[in-house]
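# Close look at the chain arrangement
Each chain, written out:
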Amino acid sequence: MLLGKQRVVFFGGKGGVGKTTLAAAYAIAAADAGTRTLLVSTDPAHSTSDILEDALGPEPREVVTALWAMEIDPATEADRYVADVKARIQDTVPPRLWQEVERQIDVARVSPGAQEAALFERVARIMEDEGSRFDRIVFDTAPTGQTLQLLSLPELMQAWMSGLIGRRKKLNAVTRMWRNVGGTAERRNGGPDDLVLAALEERQARFVRARATLTDAAQTVFHFVVLPERLPILETQRAMATLDKYAIPVGTVYVNRVLPTHAEGAFLERRRERERTYLDQIAATFARHRVVHVPLQGHDVVGVTALRELARMMGDDGRR
Ligand SMILES: Nc1ncnc2c1ncn2[C@@H]1O[C@H](COP(=O)(O)OP(=O)(O)OP(=O)(O)O)[C@@H](O)[C@H]1O
Ligand SMILES: [Mg+2]
C-alpha cells in the first residue's frame, strides 16, 4: 500500500461505504511499516472497537505493535466543551446574568454544529498534543456532511473569535480607564493578566494552527472511500469540491467492494457490467486523483488478520 509521507490522514465518504474498515486497514499497514500510528475514531457506534476486537476508550491504547487506537464520543466531547464554557462564565459576566447565560448555553449545546465544534476542538488538540508521540495520526471521520462542516469551522470560528477578542480588548481598555479614575484594582478583568482574554486567544491560536496543518499538503491528506454506485459517486464529488474550496489536500479515491475478477456466474456477470459503467465514471470524474480498487470480500472484515489481508489489496492501482 502507498502510505504517503503525511502525518495526518483522514478517511471520508458517504455513510456505510467502508471508511472505518479502510482507515483501520491503513493504520495497521502503517504500523507494520514501522511508523508509530494512532487511529482515532469519532463514531459513537464503536465500530472501531468492533473491528479491532478491542474495547477502545477516549485515550490511546496499544492494539498491536506500533498501533494505538482511541474512540472519542461526539456527545461526551460536547458535554465537556459546555462544562468548560460554563466554568469560564463566572469570569466574563456579572452574577445576575449567570442563570440566563447558562440557559442559553444549554440551548446551544443541542443546536446544530455544537457537536462538530466540540469535536473539531478535540481533533485539533489531538493533532497537536499527540503529534510528538506518534509519526502518523489516522482519523476515521464521521460521514461526509458533518465532516465537512467540521473542517470548514476554523474560518467561521476565527471570524467569531476575532469579534470576541476585539470586544474583550475594548472592555479591558474601559476597565483600565475606570481603574485609573477610581483607583481600584480589579485583577480578574482587564490588564495583562486577563484570564478570559488569554483563553480566547489560546483557542483562536489553536484553530489557526489546525487550519494551517489541514491545508498543508506536506502534513495532511484526505482519502475518500466510494462505492461503484451512483449516489456515493455524486456525494464524493460534492465533498471533494468543498475540500477544494477550503484548500484541504485530497489523496487517493478508494473504490471499495469492487467485484473480484474470479467471481463467476451469469448474475455476477450482469452486476459486473453495471459496475464497469460506474468504474469508468469514477475514473473520468476523479481523473486528477489516484484511484485504487478494493475487492469485495466474501466475509465481514473483522480482526487484525482480515484487516492486514485487506490492506494488501489496497495497494493495487485500480485500473483492471
Ligand atoms: N471490501 C469489503 N468487502 C466486504 N465487506 C466490506 C468491505 N469493506 C467494508 N465491508 C463491510 O461493510 C460494512 C460497513 O463498513 P464500515 O463500517 O467500514 O463503513 P463506514 O463507512 O465506516 O460506515 P459508517 O458511515 O456507518 O461509519 C462492515 O460490515 C464491513 O465489514
Ligand atoms: Mg464508520
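### Describing the overall build of the protein
Assigned secondary structure in the protein consists of 10 helices and 8 strands. When burial is assessed residue by residue, the protein has 49% of its 320 residues classed as buried. Looking at the protein alone, contacts between residues at least 24 apart form 75% of all its contacts between residues at least 6 apart. When the accessible surface of the protein is split by element, carbon and sulfur atoms take 55% of a total near 16000 Å².

### Some words on the sheet that holds strand β7 (residues 250–258)
Pairing is mixed in the open sheet, where 8 strands are placed in the order β3-β4-β2-β5-β1-β6-β7-β8. Edge positions in the sheet fall to β3 (61–64) and β8 (290–295), since each of these pairs with one other strand and no more. Between one strand axis and the next, the sheet turns through 25° on average, direction left out of account. Two elements, β7 and β8, share 5 bridges in a ladder whose sense is parallel. By the bridge assignment for β8, Thr252 is matched with Arg290. Along the sheet, helix α1 (residues 19–32) contacts β1 (8–12), β2 (37–41), β4 (67–71), β5 (136–140), β6 (220–226), β7 and β8; its crossing angle with β5, the most-contacted strand, is approximately 170°. Helix α10 (residues 304–313) rests against β3 and β8 of the sheet, and its axis sits at about 135° to β8.

### Observations regarding the packing of aromatic side chains
Applying the stated criterion to the full structure yields 6 aromatic pairs. Taking 5.8 Å as the distance between ring centres and 15° as the angle between the ring planes, the aromatic pair formed by Phe10 and Phe222 counts as stacked. Highlighted residues: Phe10 in strand β1 and Phe222 in strand β6, separated in sequence by 212 residues. Seen from their ring centres, Trp68 and Phe134 are 5.4 Å apart, and the 65° between their planes marks the pair as edge-to-face.

Calculation rules
- Residues numbered from 1 in each chain as written.
- Chains lettered and ligands numbered in written order.
- Predicted model: local features only at pLDDT ≥ 70, side-chain atom pairs only at ≥ 80, totals over all residues.
- Heavy atoms only, no water.
- Helix = DSSP H or I, 4+ residues; strand = E, 2+ residues; numbered from the N terminus.
- Buried < 20%, exposed > 50% of the residue type's maximum accessible area, 1.4 Å probe, protein only.
- Contact = heavy atoms within 4.5 Å.
- Areas by Shrake-Rupley, 256 points an atom, 1.4 Å probe, with all protein chains shown as cover.
- Pairing = 2+ DSSP bridges.
- Axes fitted to C-alpha atoms, helices over the stretch in contact; angles between N-to-C directions.
- Phe/Tyr/Trp six-rings, centres within 6.5 Å; stacked < 30°, edge-to-face > 60°.

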